[in-house]
Number of protein chains: 2
Amino acid sequence: MSELTISQIAQQAGIRPSTIRYYESINVLPEPRRVSGQRRYDETILERLAFIQVTQKLGFSLTEIQQLLQSHNEDAQLSEQWQNIAQQKLVQVELLLQRASNVKQLLSQGLQCGCSNLLDCIQCVLLNCNSAQR
Amino acid sequence: MSELTISQIAQQAGIRPSTIRYYESINVLPEPRRVSGQRRYDETILERLAFIQVTQKLGFSLTEIQQLLQSHNEDAQLSEQWQNIAQQKLVQVELLLQRASNVKQLLSQGLQCGCSNLLDCIQCVLLNCNSAQR
DNA sequence: GTACAGGTTAAAGTTGACTTGAAGTCAAGA
DNA sequence: TCTTGACTTCAAGTCAACTTTAACCTGTAC
């Protein structure tokens with residue numbers, strides 16, 4: 001039941017207080033309760049912030065994240081809508097995962113083979129050349 | 001040896017001609033040869049554009065991408081620099097891969113369990129609840 | 001030869017995601 | 001009571017990554 005201030009939350013989440021206020025202003029975060037005008041949060045907000053951070057890194061816009069987070073206490077249509085968005089996003093995440101593992105391979109093989117630039121490495125990976133070429 | 005115009009390249013890469021000119025202006029793409037003032041490309045540019053697109057999605061800035069692409073025909077120091085950047089980036093990509101697969105699990109399990117919003121689903125995934133709850 | 005489709009540049013505008021600044025409120029401590 | 005530190009709002013500023021605009025050029029088709 002511990003109640004945290006905006007800067008405590010910010011610190012734990014690794015972001016700035018202004019970011020939290022901004023998220024609230026665009027409805028990505030709900031309005032928290034207040035103590036003499038100041039925001040107070042419980043720790044569940046951290047879960048939400050973590051989700052926002054990861055999905056952002058995955059290329060979701062804040063508008064999309066807001067849609068994902070907000071088909072709540074609404075009718076069945078919106079629940080369907082969330083399923084649709086989630087389905088779309090799932091496809092995108094899968095694609096990104098594939099491509100990311102290609103880049104991962106490119107980078108790590110590049111580090112092994114000792115190519116001096118990336119386009120060399122692309123060739124190197126495509127040709128499956130493992131030998132160091134200095 | 002087919003020579004393609006800027007809009008043909010743009011179409012194949014799924015971007016706009018203006019983006020290609022922009023990339024050239026910030027040295028992410030090399031200056032192409034010209035025919036009476038107009039840019040002409042061969043298809044290898046598509047490889048480079050594909051790489052740019054993926055790495056961008058993975059969170060690299062254009063400045064970082066430029067660094068990765070440009071430690072070329074330069075001395076050994078720059079080659080080392082590219083190895084350093086590649087090493088750093090590899091760590092980031094691995095982290096992102098982990099997190100992405102969490103989100104993937106969240107989204108796909110969310111679709112299975114029929115939760116009507118994401119925070120329910122986070123709970124659902126954490127509690128390992130597989131049953132549909134309507 | 002003139003219209004037109006598609007290219008060119010340089011500069012200004014846009015968008016998303018924040019950050020900063022100014023001016024004010026509030027509670028606790030000296 | 002007065003200062004201090006941490007909060008508040010609202011508006012304006014910033015930054016990356018493009019896009020749009022305006023004015024112009026060029027090769028081909030009629």
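Residues numbered from 1 in each chain as written. Chains lettered and ligands numbered in written order. Predicted model: local features only at pLDDT ≥ 70, side-chain atom pairs only at ≥ 80, totals over all residues. Heavy atoms only, no water.

As annotated in an unreviewed UniProt entry, chain A carries the name MerR family transcriptional regulator and is attributed to Dictyobacter arantiisoli.

1. Quick word on the protein's contact with DNA strand C
Around DNA strand C, the structure places 17 residues, and the nearest of them are A:Arg16, A:Thr19, A:Gln56, B:Ser7 and B:Arg21. Of what DNA strand C places within 4 Å of the protein, 84% of the atoms are sugar or phosphate. A:Arg16 is positioned with one of its side-chain polar atoms (N or O) 2.4 Å from a phosphate oxygen of DNA strand C. Side-chain polar atom of B:Ser7 to a phosphate oxygen of DNA strand C: 2.3 Å apart, as the coordinates give it. Elements with a contribution of two residues or more to the surface near DNA strand C: α2 (17–25) of chain A together with α1 (6–13) and β2 (38–40) of chain B. Ranked by residue count, the leading element in the surface near DNA strand C is α2(A), at 4 residues. Partitioned by chemical class, the residues of the surface near DNA strand C number 4 nonpolar, 9 polar and 4 charged. (Near = heavy atom within 4 Å. Polar contact = N/O pair within 3.5 Å; in protein donor to acceptor, adjacent residues only side chain to side chain. Helix = DSSP H or I, 4+ residues; strand = E, 2+ residues; numbered from the N terminus. Nonpolar A, V, L, I, M, F, W, Y, C, P; charged D, E, K, R; others polar.)

2. Focus on empty space enclosed by the protein
Counted according to the given criterion, the structure contains 1 cavity of 30 Å³ or more. By volume, the largest cavity is sized at about 30 Å³. Contributing to the lining of the largest cavity are A:Leu58, A:Leu96, A:Leu97, A:Ala100, B:Leu58, B:Leu96, B:Leu97 and B:Ala100. Taken together, the elements giving at least two residues each to the lining of the largest cavity come down to α5 (76–113) of chain A together with α5 (76–113) of chain B. (1 Å grid on protein atoms, 1.4 Å probe; cavity = no way out; pocket = protein on both sides within 12 Å on 5 of 7 lines; lining within 4 Å. Points joined across faces, edges and corners; volume = space filled by probe spheres on them.)

3. Details of the side chain of A:Glu24
Residues and elements named next belong to chain A. For Glu24, the position within the fold is in helix α2. On the basis of relative accessible area, Glu24 is assigned to the buried category, the value being 10%. When near neighbours in sequence (up to four residues on either side) are disregarded, Glu24 contacts Leu29, Pro30, Glu31, Pro32, Arg34, Arg39 and Tyr41. (Buried < 20%, exposed > 50% of the residue type's maximum accessible area, 1.4 Å probe, protein only. Contact = heavy atoms within 4.5 Å.)

4. With respect to helix α3 (residues 44–57) of chain B
All names here are of chain B. With 14 residues, α3 should reach 20 Å at 1.5 Å per residue; the first-to-last C-alpha distance of 21 Å fits that figure. What α3 keeps buried is the set Ile45, Arg48, Leu49, Phe51, Ile52, Val54 and Thr55. With its phi angle positive at about 100°, Gly59 sits one or two positions after the end of α3. (Expected span 1.5 Å × (residues − 1).)

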